[in-house]
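A closer look at the structure
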Amino acid sequence: MAKVELRGVNKQFGSVHVIKDINLTVEDHEFVVFVGPSGCGKSTLLRLIAGLEEITSGEIDIDGARVDHLAPARRGVAMVFQSYALYPHFTVAQNMGYALRVAKEDKAVIDRKVREAAEILQLTEYLDRKPKALSGGQRQRVAIGRAIVRDPKVFLFDEPLSNLDAKLRVQMRIELTRLHRELNATMIYVTHDQVEAMTMADKIVVLRDGRVEQIGAPLDLYNTPDNRFVAGFIGSPAMNFFAGRAESVSDAGVEVALEGGTRFTFPCETPGVKAGDVVEFGVRPEHFSIGGNGDGGSDGALKGEVYAVERLGGETYLYLNSGSYRDIVAHMSGDAPISIGDSVEIGFSLARSHLFGPDGQSIR
Amino acid sequence: MEHRRNAGLETWLMYIFLIGSTIAVLYPIFMMLMSGFKTNAEIFGAPFSLPKSLNLDNYKTIWTTTDVPRYLLNSAIVTIISVALLLVTGTMAAYAISRYKFRGAIMVSMFFLAGLMLPLRLAIIPLFVQMKSMGLVDNLLGLIFIYTAMSLPSTVFILSGFLRALPGELEDSARVDGASELRIMVEIMVPLITPALVIAGIYNAVPIWNDFFFPLIFIQTPENRTLAQGLTTFFGEYSVNFGVLYAGLTLAALPIVVVFIIQSRRFIAGMTAGAIK
Ligand SMILES: Nc1ncnc2c1ncn2[C@@H]1O[C@H](COP(=O)(O)OP(=O)(O)OP(=O)(O)O)[C@@H](O)[C@H]1O
Ligand SMILES: [Mg+2]
């Protein structure tokens, strides 16, 4: 198992600059998740690490050795693809043993390793089947088994669960986490599923447009996003943003005026804004208190009119408009006695809110 | 009720049409097959009747007294080697065009496409001069080269369509597994297009087997003649013995029919591949 380091990695397809100066360290045994919107370069970055694409500039090290000029097989990585990419004309056992067979491993050794991996993944009874006679979940496990058999330094996953139905996805998520613990392997995992990222990752890398926006533990990203993009991307439903004005900046913090006359002083150490700047105030749906209920506190409040209510039993989502602030989402636990058309007070606590400067950076 | 009867009528009309066309196609073949078992007297006396017995005399005559076995062998050699060569080179060309990005890829595929449109026969004189200078006139090898070259465009065309449709992740996966490019092609990708190989093989084998034109021009010595060419001389010699003629024709048609029957399932699978996901 091994540490992966990317230094100043760039990738251009012709004139299209897809990966821009990525610096990143994946520690030994770590489970790192790449998230980001579609087209931001997650798959490309993974393929660069795997060696399926050549980097334009920069350096990639695995286990302390430079690998960016090596063929995929010599980097000690295994990759699980979104489409599984099982060889249709091979049996499950042949699929899993193929890499070892290519490496001219002993037949007995291949057999043993395939059996061991099949054991871990509960595939033993399917070893003689062809992929087309398997269910989606089983195929997925074969694809993972194919990676395990090779005993790689690093596992790479490109949205491996996105073709599964919701229930199976939850099951496989737990299975993968268990596998990570059992194999004690370094894993890099690409997804655009929030929940997968939050629940599986030791460390999340948020990408946008080929650049790293923030790297951190899931809850760090949730609690202290570096910028507006990360704040909006991590968390579901997404954070609400309210445009306002910085009225004055003092040692105590930034005095913010929202529309409708709500004013408060946002405490911070290095404001990075000046009076008159446009700022954005962000509150997560679950951090509001509605009509005085909830743990949102009351450092300030907005008046909102409810235009939709979603009752899920254990929790309730309110959709509100407040002046020019449209489509505010608020979360309440339990079944709230609120109906469409109600006018409610939505309070927030500054300790759980966020402020972003004109450049989108967090003000803390 | 009315509707049902209409649907029934349509189905019946369709069956009648299909049965009719089947008979139209099969009857001459059937006649040929049957006449091969008849004596000359039988053929002239009762041309449409079934043979009195499964009389193999005509075949014996062909086998023992004519050069037809030799022609058959020549045709088999030419067809089998041409098709094998054609599938190997065609697969490699199609693979390069459809799976790799390289400078001039479009040029190369255009070149093959042009080969589809240009009739080789128009270039027969320069071709003859060229073959002559290489010492390949009156040589089965010459025919093999011509047939391979002639059939390459359609083969590349058929195969590259199929190869292009294979998912790229399969190739990437094999690459991560450590397989060489050649190994990926031979072990992973090509086995997945066997229906296309069967199509390309049969599609080209039939005209090669039946070809009369190139042997006529390039082959002079009797023992180098192919079947289609040899049968004409045979026609001349045996124009009085129709039974033997029909038996010869049956022998000429048989191999392709057998190959087709054996491979028909794959052939049809290939023809309809992609029609339904
Ligand atoms: N071979 C290529 N040639 C040119 N551009 C490419 C190529 N591969 C990817 N791109 C471009 O690079 C960008 C990043 O693609 P990539 O597949 O890495 O995105 P992604 O983050 O994985 O998206 P998704 O979540 O949809 O899978 C896209 O804009 C894409 O169009
Ligand atoms: Mg992707």
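What counts and how
- Residues numbered from 1 in each chain as written.
- Chains lettered and ligands numbered in written order.
- Predicted model: local features only at pLDDT ≥ 70, side-chain atom pairs only at ≥ 80, totals over all residues.
- Heavy atoms only, no water.
- Pairing = 2+ DSSP bridges.
- Helix = DSSP H or I, 4+ residues; strand = E, 2+ residues; numbered from the N terminus.
- Core = buried A, V, L, I, M, F, W, Y, C linked by side-chain atoms within 4.5 Å.
- Buried < 20%, exposed > 50% of the residue type's maximum accessible area, 1.4 Å probe, protein only.
- Contact = heavy atoms within 4.5 Å.
- Near = heavy atom within 4 Å.
- Polar contact = N/O pair within 3.5 Å; in protein donor to acceptor, adjacent residues only side chain to side chain.
- Areas by Shrake-Rupley, 256 points an atom, 1.4 Å probe, with all protein chains shown as cover.
- Phe/Tyr/Trp six-rings, centres within 6.5 Å; stacked < 30°, edge-to-face > 60°.
- Domains from an automatic or database assignment.
- Buried area = accessible area lost by both parts, 1.4 Å probe.
- Salt bridge = Lys/Arg side-chain N within 4 Å of Asp/Glu carboxyl O.
- Nonpolar A, V, L, I, M, F, W, Y, C, P; charged D, E, K, R; others polar.

All names here are of chain A. By the bridge criterion, seven bridges tie strand 1 (residues 4-13) to strand 2 (residues 16-26) in an arrangement that is antiparallel. Residue Val9 lies in a different strand from strand 2, and its bridge partner there is Ile22. Both strand 1 and strand 4 (residues 57-62) contribute to a ladder of five bridges, which runs antiparallel. In the sheet register, Glu5 faces strand 4, and the bridge partner there is Asp61.

Grouped burial of nonpolar side chains is what soluble globular proteins tend to show. The biggest cluster of nonpolar side chains holds 84 residues, and the ones touching the most others in it are Leu6, Phe34, Leu156 and Ile188 of chain A together with Phe218 of chain B. Among the elements that make up this core, the one with the highest residue count is helix 7 (residues 140-164) of chain B (10 residues). Residues in contact with Ile188 of chain A, not counting those within four places in the same chain, are Val4, Val26, Val32, Phe34, Leu46, Ile49, Val154, Phe155, Leu156 and Phe157 of chain A. Counting 46 residues, the second largest nonpolar core, distinct from the first, contains Leu121, Ala143, Leu161 and Ala201 of chain A.

Residues and elements named next belong to chain A. All residues adjacent to ligand 1 are Phe13, Val18, Ser38, Gly39, Cys40, Gly41, Lys42, Ser43, Thr44, Glu159 and His192. Between Cys40 and ligand 1, the recorded distance is 3.3 Å, taken from a backbone N or O atom to an oxygen atom. Taking Lys42, its side chain carries an N or O atom lying 2.8 Å from an oxygen atom of ligand 1. Taking 640 Å² as the accessible area of ligand 1 by itself, protein coverage stands at 60%.

Turning our eyes to something else, we now look at the packing of aromatic side chains. Working definition: an aromatic ring pair is given by the centre-to-centre distance plus the angle between the planes. Residue and element names in this part refer to chain A. Summed over all chains, the structure comprises 24 aromatic pairs over all chains. Ring geometry for Phe242 and Phe288: centres 6.4 Å apart, planes at 75°, overall edge-to-face. With Phe242 in strand 11 (residues 240-250) and Phe288 in strand 15 (residues 288-290), this residue pair connects regions lying 46 residues apart in the sequence. There is no split in this pair, since Phe242 and Phe288 are both buried.

A separate point is the side chain of Ser151 of chain B. Residues and elements named next belong to chain B. With respect to the secondary-structure elements, Ser151 resides in helix 7. Accessibility expressed as a relative area gives 3% for Ser151, which makes it buried. Within polar-contact distance, the side chain of Ser151 engages the backbone oxygen of Tyr147 at 2.8 Å. Setting aside anything within four residues of it in sequence, one finds Ser151 in contact with Leu86, Asn204 and Ile208.

Turning next to the domain arrangement of chain A. Residues and elements named next belong to chain A. Domain annotation for chain A reports domain 1 (4-233) and domain 2 (240-363). With centres defined by C-alpha atoms, the gap from domain 1 to domain 2 works out at 38 Å. If you look at the interface, domain 1 gives nine residues, while domain 2 gives 10 residues. Note on domain 1 versus domain 2: buried area summed over both sides is about 830 Å², and carbon and sulfur give 47% of it. Broken down residue by residue, the surface that domain 1 buries against domain 2 is led by Tyr222, Arg228 and Ala231, which jointly contribute 63%. Between the two partners, domain 1 and domain 2, sit one salt bridge. Secondary structure elements with two or more residues in the side of domain 1 that touches domain 2: helix 7 (218-223) and helix 8 (228-233). Here the residues of the side of domain 1 that touches domain 2 are counted per class, giving four nonpolar, three polar and two charged.

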